[in-house]
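Coordinates in review
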Amino acid sequence: MRATTHPTRRTRSGLVALVVLALAVTAFSAVTAGPARADNPVVQHVYTADPAPLVHSGRLYLYTGHDEDGSTYFTMKEWRVWSTTDMVNWTDHGSPMNVGTFAWASKDAWAGQAVERNGRFYWYVPVVNRATGRMAIGVGVSDSPTGPFRDAIGRPLAENGEIDPSVFIDDDGQAHLYWGNPNLWHARLNPDMVSLASAPAQIPLTTAGYGARTGNAQRPTLYEEGPWVYKRGGLYYNVFAAQCCSEFLAHSTAPTPTGPWTYRGVVMPTQGSSFTNHAGVIDYKGGSYLFYHNGALPGGGGYTRSVAVERFTYNADGTIPRTGMSTSGPPPADTLNPYARQEGETIAWGSGVETEVSGEGGMNLSHLENGDHVKVRSLAFGAGARTFTARVASATSGGALELRTDGPTGPVAGRCTAPGTGGWQTWTTVSCSVSGLTGTRDLYLRAAGGSGYLFNVDWWRFTA
Ligand code: FUB
């Protein structure tokens, strides 16, 4: 249940309004036809950082950190999970793991990665060990990619004061753990994924392997932090944050998981008003994607970052091309089925909205005021939708849930009354007829009504 006022609401409303304006000016003035299109950063209602994608059962899950509003350091208390089936609409799964998950940890929910093995999901993260004051690697485990996660072993998996674990499982079944800043460490994991099969060893940081940095005798190579190690086409890749500060993204490749590494160049140049960057690279539905973070949202910067994504194509020799940050993001990799239940918190772009834990499971769209809306992209209506149904709740007198095309103030395709239900988690199902929704198109779900919060949305679907 939420309080009658929300601590971040004013900030966030202003933030989203500002980002829409800023992006409209900077990015869309060149667009001559069609609706404004901004899908980067991928999340607009909270700051996110340190992306780690994972594909499981046809869905792409994105594990991130969460920069607190107004943060002036890497003040990070929890991690968040998001997912998509099309690379443009992202479902908010909330926060299934936080510093408190690890009873021995005191702070700093920094950059991690989740992997799946035998139906279990292992999330490797750096946190401060309260007893030693040093950064250590913890591992959370869950039977679901969206958690909740619990501490797998009740103590650090490894501890040497260094950060940013990355894990991959090789074709022979051997799992490898990499981490480090200022060094680059490697250890093999046992099949249980929660114990080390080899003592941590440093991967030699040579200029041939990791490029040359100038002006820092302590750190002669470009390697800074944030390794993202994976195998593709028989080649091992390490995409990492290079040089400091500001960082850029670079990559090295090797014929084995431990080297010898060869520096292969810049993946993403320094850009985007965050002095850190962090890579997550993955293939999904025929495309290759580079996740990263920047300070693109209003109020954004080095400690208030946002995860974004670009599509790229590997060079013929297997190296990764240089890719710049964009506000448009990748094109849809698939359509969304409007005739299946879709979550209110599945969002391509949100303006003024927030999310919260739903009493009916998962999350719900919340704090909707007059004019607040979400864009949902590439809905495959086919021959046409006839009715719209939504699960709504309101502790006030409610409002109208409008369905608009072409833009948030575009033509109205339908309008459902969302009545007062006596509570923000007291849910009812409403339906209304719709018209003109054929083919594949974007849709805007917009709240309309008086002042104050109007209603929440848990899920919606159309009937043909
Ligand atoms: O998010 C906190 C730290 O900033 C991460 O661990 C680093 O990779 C950098 O992104």
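Residues numbered from 1 in each chain as written. Predicted model: local features only at pLDDT ≥ 70, side-chain atom pairs only at ≥ 80, totals over all residues. Heavy atoms only, no water.

Some remarks on the overall build of the protein
Tallying secondary structure elements over the protein gives two helices and 34 strands in all. Principal axes of the C-alpha set define a box for the protein whose edges measure 65 × 50 × 40 Å. Within the span of the protein, comprising 464 residues, buried residues form 59% of the whole. Across the protein, every contact between residues at least 6 apart in sequence was considered, and the portion connecting residues at least 24 apart equals 60%. Distance between charge centres in the protein, computed from 35 positive and 37 negative side chains, equals 3 Å. (Helix = DSSP H or I, 4+ residues; strand = E, 2+ residues; numbered from the N terminus. Buried < 20%, exposed > 50% of the residue type's maximum accessible area, 1.4 Å probe, protein only. Contact = heavy atoms within 4.5 Å. Lys, Arg positive; Asp, Glu negative; His and termini not counted. Charge placed at Lys NZ, Arg CZ, Asp CG, Glu CD.)

Here we look at the UniProt feature "domain: CBM6" (unreviewed entry) in the protein
Mapped onto the present numbering, the UniProt feature "domain: CBM6" (unreviewed entry) falls on residues 340-463. In the segment residues 340-463, helix accounts for 0% and strand for 65%; the C-alpha atoms at its two ends are 9 Å apart. (UniProt positions renumbered as here; feature names shortened; annotations may be inferred.)

Describing the site of the ligand
Around the ligand, the neighbouring residues are Asp50, Phe74, Met76, Trp110, Ala111, Ile163, Asp164, Glu225, Thr276, His278, His293 and Arg305. Ala111 is positioned with one of its backbone polar atoms (N or O) 3.3 Å from an oxygen atom of the ligand. Taking 280 Å² as the accessible area of the ligand by itself, protein coverage stands at 99%. Its residues assigned to classes, the shell around the ligand comprises five nonpolar, three polar and four charged. (Near = heavy atom within 4 Å. Polar contact = N/O pair within 3.5 Å; in protein donor to acceptor, adjacent residues only side chain to side chain. Areas by Shrake-Rupley, 256 points an atom, 1.4 Å probe, with all protein chains shown as cover. Nonpolar A, V, L, I, M, F, W, Y, C, P; charged D, E, K, R; others polar.)

Notes on the packing of aromatic side chains
Enumeration according to the criterion identifies 29 aromatic pairs in this entry. Consider the rings of Trp90 and Phe291, whose centres lie 6.1 Å apart with planes at 85°: the pair is edge-to-face. On the criterion of sequence distance, the pair formed by Trp90 in strand E4 (residues 90-92) and Phe291 in strand E21 (residues 287-294) is long-range, its members being 201 residues apart. For Trp90, a relative accessible area of 3% gives the class buried. Classification of Phe291 as buried rests on a relative accessible area of 0%. Plain terms: the ring middles of Tyr210 and Phe240 are 5.2 Å apart, the flat faces sit at 55° to each other, and that makes the pair tilted. Taken as a pair, Tyr210 in helix H2 (residues 207-210) and Phe240 in strand E17 (residues 235-242) lie far apart in primary sequence, 30 residues in all. According to the relative accessible area criterion, Tyr210 is buried, its value standing at 0%. On the accessibility criterion, Phe240 (0% relative accessible area) is buried. (Phe/Tyr/Trp six-rings, centres within 6.5 Å; stacked < 30°, edge-to-face > 60°.)

Re the nonpolar core
Counting residues in each nonpolar core, the largest one holds 42 residues, and the members touching the most others are Tyr63, Trp123 and Leu290. It is strand E8 (residues 120-129) that provides the largest number of residues to this core, a total of five residues. Membership of the second largest hydrophobic core comes to 30 residues, among which are Val376, Ala385, Ala390 and Leu454. (Core = buried A, V, L, I, M, F, W, Y, C linked by side-chain atoms within 4.5 Å.)

Describing the pairing of strand E30 (residues 398-404)
Within E30, seven of the seven residues are buried, which leaves it mostly tucked inside the rest of the structure. Relative to strand E33 (residues 439-448), E30 is paired through five bridges, and the arrangement is antiparallel. What sits directly across from Glu402, in E33, is Arg446. (Pairing = 2+ DSSP bridges.)

Here we look at the pattern of salt bridges
Scanning the model with the defined rule gives 20 salt bridges in all. Note that Arg341 is salt-bridged to Glu343, the shortest N-O span being 2.8 Å. The class of Arg341 is partly exposed, set by a relative accessible area of 39%. A single salt-bridge network, built from bridges that share partners, covers Asp39, Lys375, Arg377 and Asp442. (Salt bridge = Lys/Arg side-chain N within 4 Å of Asp/Glu carboxyl O.)

Overview of the sheet that holds strand E20 (residues 280-284)
With antiparallel pairing, three strands are arranged side by side in an open sheet as E20-E21-E22. The open sheet has two edge strands with one neighbour each: E20 and strand E22 (306-312). Sheet twist, expressed as the mean angle between neighbouring strand axes with direction ignored, is 30°. Relative to E21, E20 runs antiparallel, the two being bridged by five bridges. Paired with Gly280 across the bridge in E21 is Phe291. (Axes fitted to C-alpha atoms, helices over the stretch in contact; angles between N-to-C directions.)

Side note on the state of the cysteines
Cysteine pairs can be linked by a disulfide, which is a covalent bond between their two sulfur atoms. Using the criterion set out here, one finds two disulfides in the structure. Each sulfur of the disulfide joining Cys244 and Cys245 lies 1.7 Å from the other. Taking the sign of the S-S torsion, -40° for the link of Cys244 and Cys245, the bridge is left-handed. Its relative accessible area of 37% is what places Cys244 among the partly exposed residues. A relative accessible area of 47% places Cys245 in the partly exposed class. Disulfide pairing is shown between Cys416 and Cys432; the S-S distance is 2.1 Å. The disulfide joining Cys416 to Cys432 has a torsion of about -95° about its S-S bond and is therefore left-handed. (Disulfide = S-S within 2.5 Å.)

Let's talk about the domain arrangement of the protein
Put simply, an interface is often sized by how much accessible area is lost when its parts join up. One can read the domain layout of the protein as domain 1 (40-312) and domain 2 (342-463). Look at where the C-alpha atoms of domain 1 and domain 2 centre, and you get two points 34 Å apart. Both sides together, the interface formed by domain 1 and domain 2 hides about 1,000 Å², and carbon and sulfur atoms give 52% of it. For the side of domain 1 that touches domain 2, the element with the most residues is E4, which contributes three residues. Tallied by class, the residues present in the side of domain 1 that touches domain 2 amount to three nonpolar, seven polar and two charged. (Domains from an automatic or database assignment. Buried area = accessible area lost by both parts, 1.4 Å probe.)

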